[in-house]
Amino acid sequence: MTEIRWHGRGGQGAFTASKLFGEAVALYGGLHALAFPSFGPERRGAPVLAFTKISAEKIEDRSDIRKCDYIVILDESLFDGNFINDLKPEGKIIINTSLPDKYKNHYDKRIIAVDATGISSSVLGKPIANTAMTAVLASVSGIAEPLILYKALKHYFKDELLRKNMEIITRTFDISQNIIRQ
Amino acid sequence: MNRPPVRKYIKPKHISDYPVGPSFSAGYLTSDNSGWRTLRPVIDNDSCTGCLKCYLCCPEGVIYPKEGKIDIDYDFCKGCGICSKICRNKVIKMEKEKK
Amino acid sequence: MKAIRKFISGDDAVAEAVRLASPDFIAAYPITPQTVVVERLSEMVEDGSLVSEFMHVESEHSALSACMGASAMGVRTFTATSSQGLLYMAECLPYASGGRFPIVMMNGNRSVALPWSIYGDHRDSLSQLDSGWIQIYVEDAQESLDMTIQAFAIAENAEVLTPVMINLDGFLLTHTYELVEIPEKDIVGSWLAPVDNPYAMNFDNPRNMGFSSQPSDNTEFKYQQHKAVEDSRKIILETEKSFEQIFGRSYGGLAAGFMCDDAEFIIITLGSVTGTCRTVVRELRKEGIKAGLIKIRFMRPFPTDEIIGLTTNAKAIAVLDRDISFGYEGTVFTNVNSALARTHNDILKMNYIAGLGGRDIPKESIREIFKELEEGLTTRPDKAVKFLNLNVETDEKYSDSEDNSTQHHREGVLLWS
């Protein structure tokens, strides 16, 4: 089972990202998925967590995620070095930062940094990085192709916004592929 | 500052350390809110006229008058930026929060 | 069949089921973690995808009272609540069942105050076990949808005419998104017979309803009510069978056994923790341990015969209760024990109180329970009730082998300082 933890702030769309990714792989990727927010009160601006569980088999275990395959951080200010301890041995941290080079010399090579906000801003004109981060996760994990993310996006956006979000996914996916190859 | 002191919650070790029922002595906060902030308001107190508009408008009540000037409680400021928006002399700047 | 698949939450799934069942009347008051159900239904009524009278009420007590009024007229009615809301309508629960109003209610299982908590456990619905309602518990969003539709068929059956409460674990089911197959409305419409309540009140059939009874008749009314819930077993099974024929899904009647045929150690569950336990049972089977699982799907009527049958070869059973009846034991355990006392007095029966107020129940703890069952066969602990993952020291010892003499009491220390 692939276990993903998303970090964001209330309003940044971390839970929507966890749901979009789960929806894509469950409806169009032939896999099973559960997506859930950190249970409890919802407050705009407060640090929030969201989770996605993905598996080839039906997911019956609804207990908490302990060790993660991927920790996806939508807001760099939420990154904490201790997150490394929450990873499975082959796990990775995916971080949205305006300065990806900052993490190049990080002692742990399991950190992948992408300027998702930069890509989103240039396409959307708004610093909303959640769809971009689903593309980074898709690229890094190999769980999802952009095509199935496009299909899931159609449940969230229409017309111009849909087209722009598809472009964000295409661009972010390609950039992430290059980063992985490096 | 005029707020209750923060006393961090520590999980009790023995059942007799729990209060009987959900109650405890009042007048304490158990955590701060500074983690909500991505931008931090910084006041140029030299240019501040002490009009106290920010004190009145702060939705979190974390701005206090101090010796004719202004003081911000950064432990509880959520970084909403209202103080900066309403400052008539533009002396409150929102700066990126450093870790 | 043209069913569509959607990635939705348990709350959404219930709302979809209600849309498909198309009740004539809905009255509900929003409360976490049920709120989304009320939001979706009001949106559906607003956009016309559900044609229903949606009554805005000021409380849960009024919500169920309004449903009783509507149901008395012989129309399909639905409400939804949780926790404090369920307790606030408590007065109306036996009123609805005594009045034989076939109302369907969704309850988002949530802890009850105090301490205040919005997180899940079963203390809300189990406290209303004696209210005369049929109680269903489910483990995923698909089962939530399927059983909400079936709940109408069961409740409204002329031989049953008893309200049905369908319980979803707060957050674990209500707020978790997963793949759900949503049947076509026309097909549900033709499967689910329209309400045909012979005791409905209308101009052609004026009735005097909700009267009082003297001691000479009260017992007879209660016997009649008890008989109806007892006999609903047959209707529940028939409903499931006919639902399966059309929609292709079934869940195993009043209590579903998993690998119980030769099982020596069986865990008995209610609700969403079932999946975690099933995962552990599969793992233990691979390790050669004869583990099994019973998922109780109906608390009323209680699956007595099913549980007796499924535990034929069991040496030890553990009941996982997300509730506690203070001063006794978990309510599910009491019910299971009473059933097993008829035939299985020799097996070891343990009760684990777990998942209170939203506490996680991890796989490791379930494994630990099975280990304790195995050890218990030789140690035979005299204390059956145990709080799982109690993260605090107490002076109590659960096992005979442990030293019980070190009683110590410490002064209340200011640990919140």
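Residues numbered from 1 in each chain as written. Chains lettered and ligands numbered in written order. Predicted model: local features only at pLDDT ≥ 70, side-chain atom pairs only at ≥ 80, totals over all residues. Heavy atoms only, no water.

### Considering the sheet that holds strand E9 (residues 255-258) of chain C
Residue and element names in this part refer to chain C. Taken in spatial order, the six strands of this open sheet run E9-E11-E10-E13-E14-E15, and their pairing is mixed. Edge strands, defined here as strands with exactly one partner in the open sheet, are E9 and strand E15 (385-387). With strand direction ignored, the average angle separating the axes of adjacent strands in the sheet is 20°. Bridge analysis of strand E10 (residues 265-270) against strand E11 (residues 291-296) gives six bridges, and the strand direction is parallel. Residue pairing in the sheet places Phe265 in a bridge with Ala291 of E11. Most of the contacts of helix H13 (residues 363-379) go to E10, to which it runs at about 135°, and overall it touches E10, E11, strand E13 (316-321), strand E14 (348-353) and E15. (Pairing = 2+ DSSP bridges. Helix = DSSP H or I, 4+ residues; strand = E, 2+ residues; numbered from the N terminus. Axes fitted to C-alpha atoms, helices over the stretch in contact; angles between N-to-C directions. Contact = heavy atoms within 4.5 Å.)

### Details of the packing of aromatic side chains
How two aromatic rings sit relative to each other is set out by the distance from centre to centre and by the angle between their planes. Under the defined criterion, the tally for this structure stands at eleven aromatic pairs over all chains. Ring centres 5.3 Å apart and planes at 65° place the aromatic pair Phe15(A) and Tyr177(C) in the edge-to-face group. Placement of Phe15(A) in helix H1 (residues 14-28) and of Tyr177(C) in strand E8 (residues 177-182) is noted, with the two residues assigned to different chains. Residue classification places Phe15(A) among the partly exposed positions, given a relative accessible area of 22%. By way of ring pairs, the aromatic residues Phe79(A), Phe83(A) and Tyr103(A) are connected into one cluster. The ring centre of Phe83(A) lies 5.1 Å from the NZ or CZ of Arg5(A), which sits over that ring. Across the ring face of Tyr28(B), the terminal group of Arg7(B) is positioned such that the distance to the ring centre comes to 3.4 Å. (Phe/Tyr/Trp six-rings, centres within 6.5 Å; stacked < 30°, edge-to-face > 60°. Buried < 20%, exposed > 50% of the residue type's maximum accessible area, 1.4 Å probe, protein only. Lys NZ or Arg CZ within 6 Å of the ring centre and 35° of its normal.)

### Describing a positive patch on the surface
Residue and element names in this part refer to chain B. Positive charge collects at one region of the surface, where Lys53, Lys85, Arg88, Lys90 and Lys93 lie side by side. Inspection of the secondary structure assignment puts Lys90 in the loop between helix H2 (82-86) and strand E4 (92-96). The exposure class assigned to Lys90 is partly exposed, which follows from its relative accessible area of 48%. (Patch = residues over 30% accessible without salt bridge, like charges linked within 9 Å, V, L, I, M, F, W, Y side chains within 5 Å. Areas by Shrake-Rupley, 256 points an atom, 1.4 Å probe, with all protein chains shown as cover. Salt bridge = Lys/Arg side-chain N within 4 Å of Asp/Glu carboxyl O. Lys, Arg positive; Asp, Glu negative; His and termini not counted. Charge placed at Lys NZ, Arg CZ, Asp CG, Glu CD.)

### Focus on the interface of chain A and chain C
Listed by partner, the interface residues are 21 residues for chain A and 26 residues for chain C. Summed over both sides, the interface of chain A with chain C buries roughly 2,000 Å², with 55% coming from carbon and sulfur. The three residues of chain A that bury the most area against chain C are Phe39(A), Glu60(A) and Arg62(A), which together make up 37% of that side's buried surface. Between Glu60(A) and Arg282(C) there is a salt bridge, and its shortest N-O distance comes to 3.0 Å. (Buried area = accessible area lost by both parts, 1.4 Å probe.)

### As for the environment of Leu145(C)
All names here are of chain C. Mapped onto the secondary structure, Leu145 falls in helix H7 (residues 141-156). Accessibility expressed as a relative area gives 0% for Leu145, which makes it buried. Expressed as a C-alpha distance, the spacing of Leu145 and Val336, which sit 191 residues apart in the sequence, is 27 Å. Excluding residues that lie within four positions of it along the chain, Leu145 makes contacts with Ala13, Glu16, Ala17, Val180, Glu181, Ile182 and Pro183.

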